[in-house]
Amino acid sequence: MPDPEDIKVVKDLLQAIIKAKKNLRIYPANNPIYAKTVNNTHLKIEAIFEYLDEIPLRMTRNEILYGGEPVFKGVGKDDNLALFFSRDGLKDLIFKSGLTKEEFQSFLEIVSYDFDSEDIADDVITLLWEKDFQNIKYTVDESILVEEDEEDYEEEAVKQVKERSAGEDDLTKAYSDALKSEETAKEIQLVPITDKDVTALAALREKVARDKKGKLIDILYEMLLMSEDFYEFHEITAIVANAMEYSIKQGDLRTAIEILWRAKTFDETTVTEFDSKEELNHIFRSAESPEIIKVIGDMMDEEPGIEDIVLQEYVSFLSRNSIPQFITILGELKTIKARKSVVNALVFLGGKDIAVLAKGLSDSRWYVVRNIIYVLRKVGDPKALDYLLRAAGHSDPRVRKELLKTIGESKGGPKAAAVVKDCLDDPESFVRTTAARALGSIGSDFAKRVMLDRLSDGKFLSVDFNEKKEFFEVLSRWRDSTVFDFLMKTVKKRALFKRAKHNENKAVAAYALGLMGNKNALPVLEKMRRSSNRFLSEYAYAAIKRIEYGKQG
Amino acid sequence: MESKGEIDLQKHAKDIVNNLAVIFRSAQIHDAANVAVVSSINKFTPMVNRLIKAEGAISIELVGEYFFVNGSRVKFPSEYIVSFEFLANEFTNRGLGSITFSDSIDVNDMQTLVKTFITSISAPEPLEALMEGMQNSERITLGKIRIQKDDEDVEVDARMAVKKTYFNAVSFTKGVMKKMSSGEKVNVKRAKRVVQSMVDQLLGEHELLLGMTAIKDYDDYTYHHSVNVSILSIALGQKLGFPRKMLLDLGLAALFHDIGKLDIPPEVLNKPAELSEEEWGTIKRHPFWGVKAILDIRGIDRSSITAAIVAFEHHIHHDNTGYPKRQTAAERDLFSKIVSIVDQYDGMTSARVYSRTPLTPDRALKLMLSRAGSQLDPILMKFYINLIGVYPTGSLVMLNTKELGLVYGSTDMPNRPKVLVIMDSNGQKVDGYLVDLSRKTKDGRYPRAILRTMDPNKYRINLAEYML
Ligand SMILES: [Fe+2]
Ligand SMILES: [Fe+2]
């Protein structure tokens, strides 16, 4: 039985390991607590190695034994270190003195894996094995590897070999033949390995790609060509689709593109007895599955991200079915670079089905809607305007603004102008001015009419000065007599009430006249310049200068 | 810092051993005072002195086939194979086990060592001559070769462990294949574990597990074949200097290389008569089915990709003949090249339905050698022959002592393997005792040597039965 003092320190050590397991799970490796935990736990085990050469632990399902004495009792699944090791068949775990901090850290990291919820392809023993620790040894109960109905295999096999073995006669015969034989020659000559061979071997090893995906893809396409019937073809395409998904999940979009490119070429160049097109479509369909596009989105947000040119190449293989998921991730992406790339992708995809793209206009996230409006504008499809007009009443003013900009740029017909007209009553000033600018861009007679009506409306008098200025500036783009006369009338107007507000109108009308550059306005403006009102005088002066010297002033 | 020193040591150990080999080698060609020798000594001493400072002393020891520096085994890359084997031979030939540098050394110390080392080989007792020559050196001490513990008990324990590993692997493979053919999911984590223990055995008791591959003429051919190919591939990979993780991938790929045979109807696979052209066509599709099975059942990850590639390529030859026929020629994967060599070897040396008499290992190697460069990769073939040796495990040999035995494992000397004696010098059947032909007696002579080889199949003598 071990020293009670030893039992106590080993117990402590195991508790420290459990604590470390928790900390390593919670904190990222660059957190100071992570490093501190590793350090402290290592100090603890080093202290034990002051007087023990090794710490051998025996694992059972719910207990860890040291020298036959329990030093750990686990209950249930959580924090059950005994179960954690024993369930994969680990029997003994031995820490040896000389254990370095680096080794111990790797060990603690393995212990901190959550094998139930994380996607880890290996069990704890394989992970220990791969680390090849110098100072942590283990033994394994291999019987768990054998199927129950094969348990007696060894015994059976041994029996069979023995049954077939040579009898006494055979041996005697062999012996006497061997004595009689004259032969001494050997069948083969051993050629020693030379430096040249070693160099040649190094060259062979050099050629082995670390990433074998490319090679696998070559083989899978050979196999598509070798398929003898529809069923085989069907199975191979399913594997190709898996390989593509795997590549993407590995962060390797280029290989995925290679796969898609090959599928496309195969379809274009190879004639099969069955409908291969439909089967190959499986590959394209999985390339645009919501799950995969989500993975791509996550990749785009992480370093190093995906180059725009690579994403666009990938997207070039996708169909309109991918539009909804791209709209979804557009709202989730964090980096501007990523969002820009997705917007570019949608510009390409939107051209395939503008109706599906336009559904994005009813997305609940205002910034998505704004992006979709932008995309619709870039798609450049005349039908886009119809969809845009439907979104006119969006609850977010930033969306309404983007929409008006788009409508303005598209120079849509009377229907568009009518929608814009309504926006002149928007509660937000910046939306109203954008609407005015949109009318200016539309530039039709109807638009002009709408503007003139608005500016003549008595209510316009009380509008904020800057908004007034914007509206008058828009009006000045129609360089015709109607507008000129209207502006002249405004400048000359005499007002008895609300004089300050009227003066604002006069000032911005003068400003607009200046922008129009019509010399016929000069006498009236001269008169205004002499006004005792400094505000009017300054505006008139600036307008005169502008008319006389062109743009500057 | 202590831990840093250890890392340093692990990093430099291989270079120290390599450099020492270079020194002795050039001294053999020139002499100890030659420029080439001096310049390699000048490279060696500061390296050793730096480590002595950190470690106190540096000892280079040969145990079995491996070098240990200060007690840890030296892992070395494949470009050092020649040097390491050279140095191991030079040590063994002198009965030298270790060289310890206990204090900072200078060029003179090294020259004394080199001179003594070179001249000692022609002395009647090399080790004694060596020790005498270095008597006055306080900084360099020599040790004689440690006799490996191979008293009966240790031997029996090792044999038991190896046996267990081997049969676990076969029964596991059988279980996996049965499951696969009934469409059940297969646990890859367990397959990895099976291969890990084979890798461990091979890195330790090298020849014993190799000896188990002699078990083949048996009903469960495919399962044994799979395990044998896996074991021999790992052993070759080890010879080529692959790291452990790579050996695991290679062993896994090799274990599953013929998994596509599950899809071949048993009446074709086990047909005792000549196969029709159509039936051959079916057999030739097993690489195709293998890829499908591996990727279907194991899903796609790094190791299943490797295994799928090997399954597809293991019957494609070096010169691109073989099957399946590709539309676009491509270089085979290194693992495929390895498995195709081992696969041929195990196939030829096994009794199978379509070739009832197996070839003896040396005949098989001879035939394969004639295919090096056409069917098989010539360089890998050379390494393979070096692995299997002049007297492959399982060869039936008559010794000059008139003892009849089976080759049981290799030693550092290709002509002097370990032999399990089954008939003594009087022609009496014995229980089987092990002799190491590379061991000398006290008076420096080899008591036994191989006189001639016999065909064990002719007498139904199989190493396997003696191993069990
Ligand atoms: Fe095969
Ligand atoms: Fe095979």
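Residues numbered from 1 in each chain as written. Chains lettered and ligands numbered in written order. Predicted model: local features only at pLDDT ≥ 70, side-chain atom pairs only at ≥ 80, totals over all residues. Heavy atoms only, no water.

Counting its secondary structure elements, chain A contains 28 helices and five strands. Whereas a compact globule of 553 residues would reach a radius of gyration of roughly 24 Å, chain A reaches 41 Å, over 25% beyond that. Projected onto the principal axes, the alpha-carbon positions of chain A cover approximately 135 × 75 × 50 Å. Expressed as a percentage of its 553 residues, the buried residues of chain A come to 50%. Within chain A, counting contacts between residues at least 6 apart in sequence, those at least 24 apart form 67% of the total. Entry remark: accessible area of chain A is about 28,400 Å², with carbon and sulfur atoms responsible for 49%. For chain A, the separation between the mean place of its 84 positive charges and that of its 97 negative charges on side chains is 20 Å. (Helix = DSSP H or I, 4+ residues; strand = E, 2+ residues; numbered from the N terminus. Rg over C-alpha atoms; globule rule 2.2 N^0.38 Å. Buried < 20%, exposed > 50% of the residue type's maximum accessible area, 1.4 Å probe, protein only. Contact = heavy atoms within 4.5 Å. Areas by Shrake-Rupley, 256 points an atom, 1.4 Å probe, with all protein chains shown as cover. Lys, Arg positive; Asp, Glu negative; His and termini not counted. Charge placed at Lys NZ, Arg CZ, Asp CG, Glu CD.)

One ladder, built from four bridges, connects strand E2 (residues 63–66) of chain A with strand E3 (residues 69–73) of chain A; its direction is antiparallel. Across the sheet, residue Glu63(A) finds its bridge partner in E3(A), namely Lys73(A). (Pairing = 2+ DSSP bridges.)

Looking now at the side chain of Ser197(B). Within the secondary structure, Ser197(B) sits in helix H7 (residues 188–204). Setting aside anything within four residues of it in sequence, one finds Ser197(B) in contact with Glu142(A) and Thr165(B).

The predicted coordinates should not be examined in detail at positions where pLDDT is low. Residues and elements named next belong to chain B. Mean pLDDT over chain B: 84, with 93% of residues reaching 70 or higher. Taken together, the stretch residues 1–5 has pLDDT below 50 and engages in three contacts with residues farther than four places along the chain or on a different chain. For this predicted complex, the interface confidence comes out at an ipTM of 0.79, alongside a pTM of 0.76. (pLDDT = per-residue confidence, 0-100.)

This next bit is on the interface of chain B and chain A. Facing the 110 residues of chain B at the interface are 84 residues of chain A. With both chains or domains summed, chain B and chain A bury close to 9,100 Å², and 61% of this area falls on carbon and sulfur atoms. Counting across the chain B and chain A interface gives eleven salt bridges. For the salt bridge of Lys215(A) with Glu313(B), the shortest nitrogen-to-oxygen distance reads 2.9 Å. The interface formed by chain B and chain A includes 23 residue pairs in polar contact (both at pLDDT 80 or more). The greatest single-element share of the side of chain B that touches chain A, amounting to twelve residues, is contributed by helix H6 (residues 152–181) of chain B. (Buried area = accessible area lost by both parts, 1.4 Å probe. Salt bridge = Lys/Arg side-chain N within 4 Å of Asp/Glu carboxyl O. Polar contact = N/O pair within 3.5 Å; in protein donor to acceptor, adjacent residues only side chain to side chain.)

All names here are of chain B. Ligation of the iron ion (ligand 1) by protein atoms is provided by Asp258 (OD), His286 (NE2), His314 (NE2) and His315 (NE2), these donors lying 2.1 to 2.2 Å from the ion. In this structure, the iron ion (ligand 1) is surrounded by four donor atoms whose angles at the metal cover 83 to 173°, and the resulting shape is irregular. The sequence pattern formed by the donor residues of the iron ion (ligand 1) is D-x27-H-x27-H-H. (Donors = N, O, S within 2.8 Å, 3.2 Å for Na, K, Ca; no water. Tetrahedral: all angles 85-135°; square planar, octahedral: opposite > 155°, others 65-115°.)

Let us now look at the coordination of the iron ion (ligand 2). Each donor-metal-donor angle in an ideal tetrahedron of four donors is 109.5 degrees, and each such angle in an ideal octahedron of six donors is either 90 or 180 degrees. All names here are of chain B. Distances from the iron ion (ligand 2) to its protein donors, His225 (NE2), His257 (NE2), Asp258 (OD) and Asp343 (OD), fall at 2.1 to 2.3 Å. Classification of the site at the iron ion (ligand 2) rests on its four donor atoms, whose angles at the metal span 76 to 172°, yielding the label irregular. Summarised as a motif, the one-chain spacing of the donors to the iron ion (ligand 2) is H-x31-H-D-x84-D. Between the iron ion (ligand 2) and the iron ion (ligand 1), a separation of 3.5 Å is found, and both are coordinated by Asp258. Separated by 33 residues along the polypeptide, His225 in helix H9 (residues 221–239) and Asp258 in the loop between helix H10 (244–255) and helix H11 (266–269) bring together distant segments of the chain. Like His225, the residue Asp258 is buried in the burial classification.

Over its 15 residues, helix H16 (residues 336–350) of chain A extends 20 Å from the first C-alpha to the last, a length consistent with the 21 Å expected when each residue adds 1.5 Å. Lining the buried residues of H16(A) we find helix H13 (290–301), helix H14 (308–315), helix H15 (323–330), helix H17 (354–358) and helix H18 (366–379) of chain A. (Expected span 1.5 Å × (residues − 1).)

A few words on the sheet that holds E3(A). All names here are of chain A. Across the sheet, which stays open at both edges, the five strands sit in the order E3-E2-E1-E4-E5 with antiparallel pairing between neighbours. Of all strands in the sheet, those with a lone pairing partner are E3 and strand E5 (136–140), marking the two edges. Each strand of the sheet is rotated relative to its neighbour by a mean of 25°, with strand direction disregarded. Strand direction decides the pairing type here: strand E1 (residues 54–59) and strand E4 (residues 90–96), joined by five bridges, are antiparallel. Bridge pairing in E4 links Glu54 to Lys96. Strands E4 and E5 of the sheet are contacted by helix H5 (residues 124–131), whose axis makes an angle of about 140° with E5. (Axes fitted to C-alpha atoms, helices over the stretch in contact; angles between N-to-C directions.)

All names here are of chain B. Once the domains are mapped, chain B shows domain 1 (4–147), domain 2 (167–388) and domain 3 (396–467). Once you take the C-alpha centre of each, domain 1 and domain 2 turn out to be 40 Å apart. Taken together, the six residues of domain 1 in the interface contact nine residues of domain 2. Together, the buried faces of domain 1 and domain 2 total about 490 Å²; carbon and sulfur atoms form 38% of this surface. (Domains from an automatic or database assignment.)

Time to look at the domain arrangement of chain A. Splitting chain A by domain gives domain 1 (4–141) and domain 2 (459–553). On a C-alpha basis, the centres of domain 1 of chain A and domain 2 of chain A stand 84 Å from each other.

What follows covers the pattern of salt bridges. In total, this model carries 53 salt bridges over all chains according to the counting rule given. The shortest N-O distance in the salt bridge between Lys468(A) and Glu504(A) comes to 2.8 Å. Of this pair, Lys468(A) sits in helix H24 (residues 465–475) while Glu504(A) sits in helix H26 (residues 499–516), placing them 36 residues apart in sequence. For Glu504(A), a relative accessible area of 16% corresponds to the buried category. For Glu403(B), the salt bridge is made with Arg448(B), and the minimal N-O distance between the two is 2.6 Å.

Further remarks concern the nonpolar core. In this structure, Leu220(A), Ile283(A), Tyr314(A), Leu346(A), Leu487(A), Tyr384(B) and Ile461(B) are the most contacted members of the largest nonpolar core, which totals 244 residues. The element that contributes the greatest number of residues to this core is H6(B), accounting for ten residues. Not counting chain neighbours up to four residues away, the residues in contact with Leu346(A) comprise Ile323(A), Phe326(A), Ile327(A), Leu330(A), Leu357(A), Ile372(A) and Val375(A). Counting residues in each nonpolar core, the second largest holds 43 residues, with Ile17(A), Val38(A), Leu52(A) and Val71(A) among its members. (Core = buried A, V, L, I, M, F, W, Y, C linked by side-chain atoms within 4.5 Å.)

The next point concerns the pairing of strand E10 (residues 450–454) of chain B. Residues and elements named next belong to chain B. Of all five residues in E10, four are buried; the element is thus mostly enclosed. Sheet analysis places strand E6 (residues 396–399) next to E10, joined by four bridges and oriented antiparallel. Bridged to Val397 within E10 is Thr453.

Sheet strands line up and pair through hydrogen bonds in the backbone, either parallel or antiparallel. Read from one edge of the open sheet, five strands run E9-E8-E7-E6-E10 (chain B), paired in antiparallel fashion. Taken across any chain shown, the strands that pair with only one partner, and hence form the sheet edges, are strand E9 (429–436) and E10 of chain B. Between one strand axis and the next, the sheet turns by 35° as a mean value, whatever way the strands run. Inspection of the sheet shows strand E7 (residues 404–409) of chain B paired to strand E8 (residues 418–423) of chain B by five bridges, in the antiparallel sense. Across the sheet, Gly405(B) pairs through a bridge with Val421(B), a residue of E8(B). Its contacts with the sheet put helix H7 (residues 168–180) of chain A on E6, E7, E8, E9 and E10 of chain B, and the angle it makes with E10(B) is roughly 125°.

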